[in-house]
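Structural overview
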Amino acid sequence: MKRLIFMGPPGAGKGTQAKIICDDYKIPQISTGDILRNAVKSGTEMGLKAQKFMEAGDLVPDSVVIGIIGERLREKDCSTGFLLDGFPRTIEQADALGKLLTELGIKLDSVINLAVPDADLVKRLLDRAIKEGRADDNEETIKNRLANYNSKTLPLLDYYRKKGSLREIDGLGSMQDIAAKIKKELG
Ligand code: ADP
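Residues numbered from 1 in each chain as written. Predicted model: local features only at pLDDT ≥ 70, side-chain atom pairs only at ≥ 80, totals over all residues. Heavy atoms only, no water.

**Considerations on the sheet that holds strand S1 (residues 2-7)**
Judged by pairing direction, the sheet is parallel, and its 5 strands sit side by side in the order S2-S3-S1-S4-S5 without closing on themselves. Across the chains shown, the open sheet's two edge strands, defined by having one partner strand only, are strand S2 (29-31) and strand S5 (166-170). Going across the sheet, the axis of each strand differs from the next one's by a mean of 20 degrees, ignoring polarity. Note that S1 and strand S3 (residues 81-85) share 5 bridges and pair parallel. Bridge pairing links Phe6 to Asp85 in S3. With respect to the sheet, helix H1 (residues 14-25) is in contact with S1, S2, S3 and strand S4 (110-115), its orientation differing from that of S1 by roughly 170 degrees. (Pairing = 2+ DSSP bridges. Helix = DSSP H or I, 4+ residues; strand = E, 2+ residues; numbered from the N terminus. Axes fitted to C-alpha atoms, helices over the stretch in contact; angles between N-to-C directions. Contact = heavy atoms within 4.5 Å.)

**Let's talk about the site of the ligand**
Around the ligand lies a shell of 19 residues, among which Thr32, Asp58, Gly86, Arg89 and Gln93 are the nearest. Here Arg37 contributes a side-chain N or O atom positioned 2.9 Å from an oxygen atom of the ligand. Gln93 has a polar side-chain atom sitting 2.9 Å from a nitrogen atom of the ligand. Protein chains bury 96% of the 540 Å² of accessible surface belonging to the ligand in isolation. Ranked by residue count, the leading element in the shell around the ligand is helix H2 (residues 32-41), at 4 residues. (Near = heavy atom within 4 Å. Polar contact = N/O pair within 3.5 Å; in protein donor to acceptor, adjacent residues only side chain to side chain. Areas by Shrake-Rupley, 256 points an atom, 1.4 Å probe, with all protein chains shown as cover.)

**A few points about the side chain of Thr153**
Assignment of secondary structure puts Thr153 in helix H7 (residues 139-153). A relative accessible area of 5% means that Thr153 is categorised as buried. Beyond its immediate chain neighbours, meaning those up to four positions away, Thr153 contacts Met7, Pro88, Arg89 and Asn148. (Buried < 20%, exposed > 50% of the residue type's maximum accessible area, 1.4 Å probe, protein only.)

**With respect to the pairing of S4**
Burial of S4 is extensive: 5 of the 6 residues sit out of reach of the surface. Both S1 and S4 contribute to a ladder of 4 bridges, which runs parallel. Note that in S4 the partner of Ile5 across the bridge is Val111. Strand direction decides the pairing type here: S4 and S5, joined by 5 bridges, are parallel. Along S5, the bridge assignment pairs Ala115 with Asp170.

See below:
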């Protein structure tokens, strides 16, 4: 049974690797970015609230994403494990997750961090903008997302390092090589 967190800056390839690992371990991939994008698309109240933050490359308020994860982790398919992709991104979210896990009587296995230098990230994100046309993949927004990552999310590495659950993976290389490195770490 695997209960995992995937961390890494925007453009690190988190989503791609998360999908490979979830298929392999047969666990649900819980991406707050995907859940929020779907909410925006279907025009739900949550989507309307999140949209302006996402388009600017800002983090959606903690209360919104904490609410999403609180509901999602209680669903039945999470009883055999899960992978959190893009959550937590702030210390407040990590604290809320810790409380939730205690409430549910479960523990995390590992926190995987995919490390990629900033210069490579901007290039990858601009390439993705051309291929996928995501609304938040323009140069200005990308810079803001990276700045938010560095100021708000990066401190979480130390947070999980201190708990002894952090596994650091070099995110440069082919998709297959990186997936192999992650699987080796997870055992
Ligand atoms: P990326 O990692 O490339 O930024 P995501 O799909 O993970 O892409 O996230 C897209 C956007 O969704 C973020 O810029 C942010 O606005 C919002 N978002 C996703 N997850 C969170 C979260 N845990 N906390 C706050 N905002 C989030």
